[in-house]
Amino acid sequence: MSSEEAQVADAAAADVTAEGISIETARKFDLTPKIMPYLDRHLIFHLLAFMRDQQLYPAEELLQNTYDLLEPTNMTDYLMELWKQIHGETAEVPRELLLKREKATQEWNKLQDETVTITGLLENPDVISNFRSDKVQNLQFLKDTHGVTDDMIDALLRYGQGAYSRGSYAPASDILYSFRILSTDGDKVNQATWGKLACEILTVNWEGAMEEIQKIKENIDTKAFVSPTSQLQQRTWLIHWALFPLFNHEAARDTILEMFFSPNFINTIQTSCPWILRYLAAAVITSKNRNAGGSRAAAVQQKQFKELVRVVKQELYEYSDPITEFIAALHLDFDFEEAQKKLGEADAVLRSDFFLLGSADGFIESARHLISEAYCRIHQRIDIKDLSQRLNLSQDEGEKWIVNLIRDTRVDAKIDYKNGTVIMNHPPQSVYQQVIEKTKGGFFRTQVLHAAVTR
Amino acid sequence: MATSRFFHGGLSDSESSSSSEDYSTEEEELEEDAQAVDESDESESSEESDDDNDDDDTDDDSKLEANNAGERQSRRNIFTRDAADEDDSDEDGLRRVVKNKKDKRFEEIEACIRLIENAQKINDWFVISQEFDKLNKLVTKVGHGDVVPKPYVKAIADLEDFMNETLSKEKTASKKMNATNAKALNSIKQRLKRNNRQYEQEIAQYRSDKENYLLEPDVEEAPVVQKSIPDGPETLDADDDSGAYSVVTRGGKAVQLTTESIFKHLKVIVEARGKKNTDRTEQIRTMEKLLELAQTPYQKIRVLIALISTRYDLSFGVLSYMATDQWKAAEKELNALLRVLEDNPSWVIVENGDEWEDDEKTPPTPGPGEVFKVSGSIVSFVDRLDDELTKSLQNIDPHTTEYIDRLGDEAALYRTIVRSQVYFERLAKAEKAGNIGDSLNRTIMRRVEHLYYKPLAVIETMEGGSYNLLTSESSSEALRSGLQQQVPANIVQNLCSYLYKNDSTILRTRAMLCHIYHLALRENFYQSRDMLLMSHLQENIHNADITTQILYNRTLVQVGLCAFRNGLISDAQSCLQEILGSGRVKEHLAQGVGPQSRYSTISPEQERLEKQRQLPFHMHINLELLEAAYLTCSMLLEIPAMAAAGSSPDMRKKVISKTFRRMLEFHERNVFPGPPENTRDHVFQAANALAAGDWRKSSDLIQAIKIWDLLPNSDPLKLMLAGKIQEEGLRTYIFTYAPFYDALSLTRLSEMFDLLERKVAAVVSKMIAHDEIAAALDQINKTITFRKGVEVSRLQTLALALSEKASGLIELNERVYEQKSQSGTVGGLQESSTRTGGGGRGGKPRTEFAGNAGGGRGRGGGRGRGGRNAPFPGGERASART
């Protein structure tokens, strides 16, 4: 299901790419055209709606694009509305559209008729109570006692698809759920899972979406693919789809980040969609600030950040935008002026990005932390004025910021008020400490290894 | 190829006339063998006894009614006398001896196979493995890859089946095989798979029709094999056709050369092929006349095929090459042949073409839409033409005009290759033409190999030239429709992607390497590097044949040079390290024979092989340039590293380039260094200057290296190098003098090294951030403040080293476990290993390549060895591994 739609969406995306050439930073680094081929029509719709709000592109063109985008779907009522928006209130709705609506309704009714028995059965508590955990058994049970056929179950999938295509996502989600309970066809179940994920995303049910993402991920990892390319493609889709929960659902963040940083997925990002690095970078940097999870979480974040720097460096020649360039400037070149400049640009980019709009402020805040952290590590004596400037703050604000920084991150530093400087104290790391540091995890790791070997 | 037919050939003699092409290869080999085996004359008596053997074997041949020895003797005498009359009698004798050698080999093969079969019965894989090696060696001696003896095919096919069976049994059965056996089984599994891939066709043939395929060898075993070789001459003297034979050879003036008798003459000539005492130039002259007479396409095709093969026969042996005029004539005739084929689409030449048994009858005339297949092989003509050109280029002194003239012929050759590609493409499209096998792929590969190392402008000229010439020369529809002019920038890419899609053999690997080379040549470093890494060639290149390994080395070096041109010093260094660090650059790149090692003694045979592999001069990568690039890169990395290490002995061990260090030490030992003379002197004096903090002098010395001018745009390169030297000079200075200062002024440093203050700050910041120096910046005073008291005692260093080793050990254990469990299911393990992998070590920039170079570096020596000693480096390596 999703593959076809992604392909069609590709064509729509191409239109957008054509007009996407512009000098403006936000436009220059607009990722929408790149992301679109990997999303579903209904998901893209939201991106386009967002773009209309942003007013980066001419509204009429976007409207037309939206119309083109949704044309193959069965959301005919909305399409008519769009038509009117494009061509004026009084415009005659084209005949094809009306015909299509009729046809869609017919089809829908037909599908409803086809599936009425099975949906009825599934609502029947007597039937439900007879279900076991074994799919095959359930199916057999239904076949034996209620005359359900395989065709009927397949019709359920089409029914769910139809519901989705009409834009009624919540029912579609339920239907696909029941299909999945019954069907034993691996491919179709997989399709249903993708469909359900789309529904969950569109109904803003993030917990549900996370569940589906996990399912799909397992499926991709375990299924034997004919060609590695198709596996790669599926991963790429999953990565794009996961962006929705990543930036909209706090609780999902760690899970998804962990998934992104697993070797398979980081490779996928590097080979087929390096632009995801922007989101990855934004997510890692913003989550640095919410340092609430204790030392374990901090360690994970530290690790992820290092990994991020590594990947950004590797991919710099293939993909760069202000956000990745910021990281490169700060952690590869140690060029603070450049980093500051990039941060300014990044702000504009973030604010025009569908996914990142919400976390723009958090990103700027965390990025400042990063800058000052790096700055303090390298310097012994810092001019407060200069630092404030680096952070895009006034001198007073800067001072406050530094005080907060010293308090929060336990940086060993003092402010010399008279000279307007901060004096850092870098105690050299003791050799003993280094040795302890190095050997600390050894015992645990050996234990884990031992356990793994004996198992 | 046409193996099977060759062996059938022994049964029906009339067919031999049309299978000229097949003979060309076999006879050639025979002659090669003859030379290699035995230059000295064999005595008559031994000859006689050999003869006896042969005749016994060929008893059932109806043509030889030799029942008693006496009769044979007389016949024999007549024959020898005849031969003596004509020419040197010894030559004929030689042939007999050869036959005998060949027989012996076949017997050996049989014996081997029998041993393998016996071993199979008792499941002794160790013996099988040994015999299999031996068998392979024997077969290459006999067949030179083209001819595969049937019993061999049967043996390897059966062996594979048996192996698979054993393997599947092994899985189910509980452990019962001992270690040696299991090891041997494993190794043979790998080798057999690789080996059998070469003979896929034959094996498929065998499998599809086991009974019939085996029938002949079963009934008469050895005789079939042996008989097939002497077949040519024997049919001749039994055929009572010797009258015509002598007329043509001796008289020179062919009496009745008419259109009708073309086939008759042709037959005679073909049958005389391979005999030493035939006058080939005479034959060629006859055939040229016949060609003029030929009218129908069929006649033309037949004459041309025979004529081209005969021309190839003129030169034999490994070291001699075809005379230029002959080569040109062959090229012209091949073109004429292709043209005939283009003009007459109903005639095709394929390797498994139909035989036209009886030349007396009227030649076939295909109706419209029908296709008549003539037996022959265009692709081997093209291959041979190409090889001959290469051979002659190898042998001609590259500094003469002759070489340049000869090089000009490449354009003509390229044109022929393109033309035959079009021909094969046409055949591939038309289903009726039958299977053309890998001919198209081979042709395309030849084309790629003529292009990949050339700069864009040259490709453009070659491509455009061939296009124009071909379109103007022939107006044939078949040619025009198949030929399309390609954009020179994309041509290599297009050809290679065709091979990626349609080939799975070594050609694909070679295409990939050529493609990478081409990309690197055109400054696409990242693209070429990514392709190189993604192809995972490093892991299995040492299993490939030597020429492919050479190509791999060339590619690696070219990628390194590309990185160097783009200012990616550490990437360049790690790429070049593998080849240049070995000290046997010349051999690894096949650009001449390196100095002989004291310990290795090479036989003349090996030396000959090595000479054969040499690349023609115009394909060489300039070694001096390579060395200059490598040493400069090493200098830029090594000098700061040495300064950072200071005098502590542990740090000194971390060597980036051993070669560089060794040479530097040697250079330092000179008491009175004179002014620099060669590239090496320049680099090392520059290195010394850099170490002393004198970046200006260092930069001047590097810039003075003349070889940079060979690079397309050397000025930006020099600027880049100067910039790098400034930076590294700064780093070296800080490393060296940090212990003597409390603080250093950034402004002063920026003056000293002529760098922007911001740049200096960035360099220093990086050093601080990577913990290379214990210091901090003071923003107010614009200074670097060094921290004191960071020096560690001996005990502390050791403690650190110990802890490092311990954690390394754990990591190693984890990796071993991960490999065992394949997927690495334990989350905790995976996590910790990646953590250490990405751990903040100082020398980060090298990680990308170093990870991959690791495997390769170990191989360096192995390859050198393979290149010299072993005819089967792959097999040897594999066995050494298991």
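Residues numbered from 1 in each chain as written. Chains lettered and ligands numbered in written order. Predicted model: local features only at pLDDT ≥ 70, side-chain atom pairs only at ≥ 80, totals over all residues. Heavy atoms only, no water.

**Student:** Explain the overall build of chain B to me, using residue names and the numbers behind them.
**Tutor:** Counting secondary structure elements, chain B contains 41 helices and five strands. Burial analysis of chain B (882 residues in total) assigns 52% to the buried set. Total accessible area computed for chain B in this model is approximately 40,600 Å², and 52% of it derives from carbon and sulfur atoms. (Helix = DSSP H or I, 4+ residues; strand = E, 2+ residues; numbered from the N terminus. Buried < 20%, exposed > 50% of the residue type's maximum accessible area, 1.4 Å probe, protein only. Areas by Shrake-Rupley, 256 points an atom, 1.4 Å probe, with all protein chains shown as cover.)

**Student:** Would you mind going over the overall build of chain A in detail, with residue names and values included?
**Tutor:** Assigned secondary structure in chain A consists of 25 helices and three strands. Considering only intrachain contacts with a sequence separation of at least 6, the fraction spanning at least 24 residues in chain A is 61%. (Contact = heavy atoms within 4.5 Å.)

**Student:** Please give an account of the nonpolar core that cites residues and values.
**Tutor:** Core analysis: the biggest nonpolar cluster contains 285 residues, and A:Phe260, A:Phe326, A:Phe363, B:Leu337, B:Met635, B:Trp708 and B:Ile784 have the highest contact counts within it. Broken down by element, this core gets its largest block of residues, 13 residues, from helix α30 (residues 623-645) of chain B. A:Phe260 has contacts with A:Ile239, A:Ala242, A:Leu243, A:Leu246, A:Phe265, A:Ile266, A:Ile269, A:Ile276 and A:Leu280, leaving out every residue within four places of it along the chain. Residues B:Tyr152, B:Phe162, B:Met163 and B:Tyr199 belong to the second largest nonpolar core, which totals 28 residues. (Core = buried A, V, L, I, M, F, W, Y, C linked by side-chain atoms within 4.5 Å.)

**Student:** Break down the confidence of the model for chain A for me, citing the residues and quoting the values.
**Tutor:** Interpretation of the predicted coordinates at a detailed level should be avoided for regions scoring low in pLDDT. Residue and element names in this part refer to chain A. Per-residue confidence for chain A gives a mean pLDDT of 78, with 88% of residues at or over 70. Element-level pLDDT for chain A is lowest in helix α1 (residues 2-19), with a mean of 42, against a maximum mean of 86 in helix α19 (residues 322-333). For residues 1-23, every residue scores under 50 in pLDDT, and the model assigns this stretch 36 contacts once sequence neighbours within four places are set aside. (pLDDT = per-residue confidence, 0-100.)

**Student:** Explain the sheet that holds strand β3 (residues 421-424) of chain A to me, using residue names and the numbers behind them.
**Tutor:** Within a beta sheet, neighbouring strands are joined by backbone hydrogen bonds and run either parallel or antiparallel to one another. Across the sheet, six strands lie side by side as β2(A)-β3(A)-β1(A)-β4(B)-β5(B)-β3(B); this open sheet has mixed pairing. Among the strands making up the open sheet, the edge pair consists of β2 (413-416) of chain A together with β3 (743-745) of chain B. Here the strands of the sheet are splayed against their neighbours by 20° on average, with no regard to which way each runs. Relative to strand β5 (residues 783-786) of chain B, strand β4 (residues 775-778) of chain B runs antiparallel, the two sharing four bridges. (Pairing = 2+ DSSP bridges. Axes fitted to C-alpha atoms, helices over the stretch in contact; angles between N-to-C directions.)

**Student:** Let's hear about the packing of helix α19 (residues 439-451) of chain B against helix α22 (residues 488-502) of chain B: which residues, and what values?
**Tutor:** Residues and elements named next belong to chain B. Between α19 and α22, the shortest axis-to-axis distance is 10 Å and the interhelical angle comes to 150°. Between α19 and α22, the interaxial angle falls into the category roughly antiparallel. Handedness of the crossing formed by α19 with α22: left-handed. On α22, the residues touching Leu440, Asn441, Ile444, Met445, Arg447, Val448 and Leu451 of α19 are Ile491, Val492, Leu495, Cys496, Tyr498, Leu499 and Asn502. (Parallel < 35°, antiparallel > 145°, perpendicular 65-115°, else oblique. Left-handed = near helix turned anticlockwise from the far one by under 90°.)

**Student:** Provide a residue-level description of the interface of chain B and chain A, including the pertinent values.
**Tutor:** Taken together, the contacts link 45 residues of chain B with 40 residues of chain A. For the pair chain B and chain A, the interface holds five salt bridges. The salt bridge involving B:Glu814 is made with A:Arg445; its shortest N-O contact spans 3.2 Å. Inspection of the chain B/chain A interface yields 12 residue pairs in polar contact (both at pLDDT 80 or more). Contributions of two or more residues to the side of chain B that touches chain A are made by α24 (525-534), α37 (757-769), β4, α38 (794-821) and α39 (827-837) of chain B. By residue number, the principal contributor to the side of chain B that touches chain A is α38(B), which donates 11 residues. Across the side of chain B that touches chain A, the residue classes tally to 18 nonpolar, 14 polar and 13 charged. (Salt bridge = Lys/Arg side-chain N within 4 Å of Asp/Glu carboxyl O. Polar contact = N/O pair within 3.5 Å; in protein donor to acceptor, adjacent residues only side chain to side chain. Nonpolar A, V, L, I, M, F, W, Y, C, P; charged D, E, K, R; others polar.)

**Student:** Pulling in residues and values, what's your account of helix α10 (residues 150-165) of chain A?
**Tutor:** Residues and elements named next belong to chain A. Over its 16 residues, α10 runs 23 Å from end to end, which matches the ideal 22 Å to within 8%, given 1.5 Å per residue. Residues of α10 that are buried include every one of Met152, Ile153, Ala155, Leu156, Leu157, Tyr159, Gly160, Gly162, Ala163, Tyr164 and Ser165, and no others. On its buried side, α10 packs onto α4 (41-54), α7 (95-123), α9 (135-146), α11 (169-182) and α12 (186-202). Two residues or fewer past α10, Gly167 is found with a positive phi of approximately 90°. (Expected span 1.5 Å × (residues − 1).)

**Student:** Outline the pairing of strand β2 (residues 372-375) of chain B, supporting the account with residue identities and numerical values.
**Tutor:** Residue and element names in this part refer to chain B. Of the two faces of β2, the one lined by Phe372 and Val374 and the one lined by Lys373 and Ser375 are each fully buried. Here four bridges tie strand β1 (residues 347-350) to β2, and the two strands are oriented parallel to one another. The partner of Trp347 across the bridge, within β2, is Phe372.

**Student:** I'd like a description of the packing of helix α14 (residues 228-248) of chain A against helix α15 (residues 252-261) of chain A, backed by residues and values.
**Tutor:** Residues and elements named next belong to chain A. The interhelical angle for the contact between α14 and α15, taken along N-to-C directions, is 155°, at an axis separation of 9 Å. With respect to α15, the element α14 is oriented roughly antiparallel. Relative to α15, α14 is oriented so that their crossing is left-handed. Within the contact between the two elements, α14 uses Leu238, Ile239, Ala242, Leu243, Pro245, Leu246 and Phe247 and α15 uses Ala252, Arg253, Ile256, Leu257, Met259 and Phe260. Taken together, the residues that form the contact of α14 with α15 break down as 12 nonpolar, no polar and one charged.

**Student:** Describe the environment of A:Leu182, with residues and values.
**Tutor:** By the element assignment, A:Leu182 lies in helix α11. For the pair A:Leu182 and A:Gln137, spaced 45 residues apart in sequence, the C-alpha to C-alpha distance is 9.6 Å.

**Student:** Hey, could you go over the packing of aromatic side chains for me, with residue numbers and the actual values?
**Tutor:** Tallied over the entire structure, the rule returns 24 aromatic pairs over all chains. Aromatic pair B:Tyr452 and B:Tyr453: ring centres 5.4 Å apart, planes at 80°, arrangement edge-to-face. What makes B:Tyr452 buried here is its relative accessible area of 3%. Judged by its relative accessible area of 10%, B:Tyr453 is buried. One aromatic cluster in this structure is built from A:Phe50, A:Phe244, A:Phe247, A:Tyr279, A:Phe354 and A:Phe355. Residue placement shows A:Arg235 over the ring face of A:Phe265; its charged tip is 5.4 Å from the ring centre. For the cation-ring pair, B:Arg406 lies above B:Trp327, with the distance from its terminal atom to the ring centre recorded as 4.9 Å. (Phe/Tyr/Trp six-rings, centres within 6.5 Å; stacked < 30°, edge-to-face > 60°. Lys NZ or Arg CZ within 6 Å of the ring centre and 35° of its normal.)

**Student:** Which residues make up the environment of A:Ala170, and what values do they have?
**Tutor:** Residue and element names in this part refer to chain A. Take Ala170: it is sitting in helix α11. For Ala170, a relative accessible area of 42% gives the class partly exposed. With 35 residues separating them in the primary sequence, Ala170 and Asn205 have C-alpha atoms 9.6 Å apart.

**Student:** Account for the pattern of salt bridges, naming residues and giving values.
**Tutor:** Residues and elements named next belong to chain B. Tallying each qualifying case throughout the model produces 41 salt bridges over all chains. Note that Glu110 is salt-bridged to Arg114, the shortest N-O span being 4.0 Å. Taken together, the residues span about one helical turn, with Glu110 and Arg114 both in helix α5 (residues 89-122) at a distance of four residues. Its salt-bridge partner being Arg406, residue Asp409 comes within 2.5 Å of it at the nearest N-O pair.

**Student:** An account of the side chain of A:Lys342 is requested, with residue identities and associated values reported.
**Tutor:** Residues and elements named next belong to chain A. With respect to the helices and strands, the residue Lys342 is situated in helix α20 (residues 336-351). Side-chain polar atoms of Lys342 contact the side chain of Glu325, separated by 2.7 Å. Look past the residues within four positions of Lys342 in its chain and what remains in contact with it is Pro322, Glu325 and Phe326.

**Student:** Got a sec to walk through the side chain of A:Thr236? Specific residues and values, please.
**Tutor:** Following the sequence through the fold, A:Thr236 ends up in helix α14. Not counting residues within four places of it along the chain, the set of residues in contact with A:Thr236 comprises A:Tyr38, A:Thr268, A:Ser272 and A:Cys273.

**Student:** Any chance you could break down unusual backbone geometry for me, citing the residues and the numbers?
**Tutor:** You will see that A:Val204, though not glycine, has its phi angle at about 55°, which is positive. Tracing the backbone shows A:Val204 in the loop between α12 and α13 (206-222). A residue is classified by how much of its surface remains accessible, and A:Val204, at 51% relative accessible area, is exposed. Its identity as a non-glycine residue notwithstanding, B:Ala590 has a phi of 55°, on the positive side.

**Student:** Could you give an account of the confidence of the model for chain B, with specific residues and numbers?
**Tutor:** Residue and element names in this part refer to chain B. The predicted model of chain B averages 70 in pLDDT, with 66% of residues at 70 or higher. In the model of chain B, helix α41 (residues 873-881) stands out as the element of lowest mean pLDDT, 33, in contrast to helix α26 (residues 546-565), which has the highest, 90. Low pLDDT, under 50, characterises residues 1-97; the stretch is placed with 149 contacts to residues that sit more than four places away or in other chains. In the model, residues 216-255 has pLDDT below 50 throughout and makes 66 contacts with residues more than four positions away in sequence or in other chains.

**Student:** A description of the state of the cysteines should follow, citing residues and the corresponding values.
**Tutor:** All names here are of chain B. The full count for this structure, using the stated rule, is zero disulfides over all chains. Just so you know, Cys633 is unpaired, no disulfide at all, and the nearest cysteine sulfur is the one on Cys575, 9.8 Å from it. What makes Cys633 buried here is its relative accessible area of 0%. (Disulfide = S-S within 2.5 Å.)

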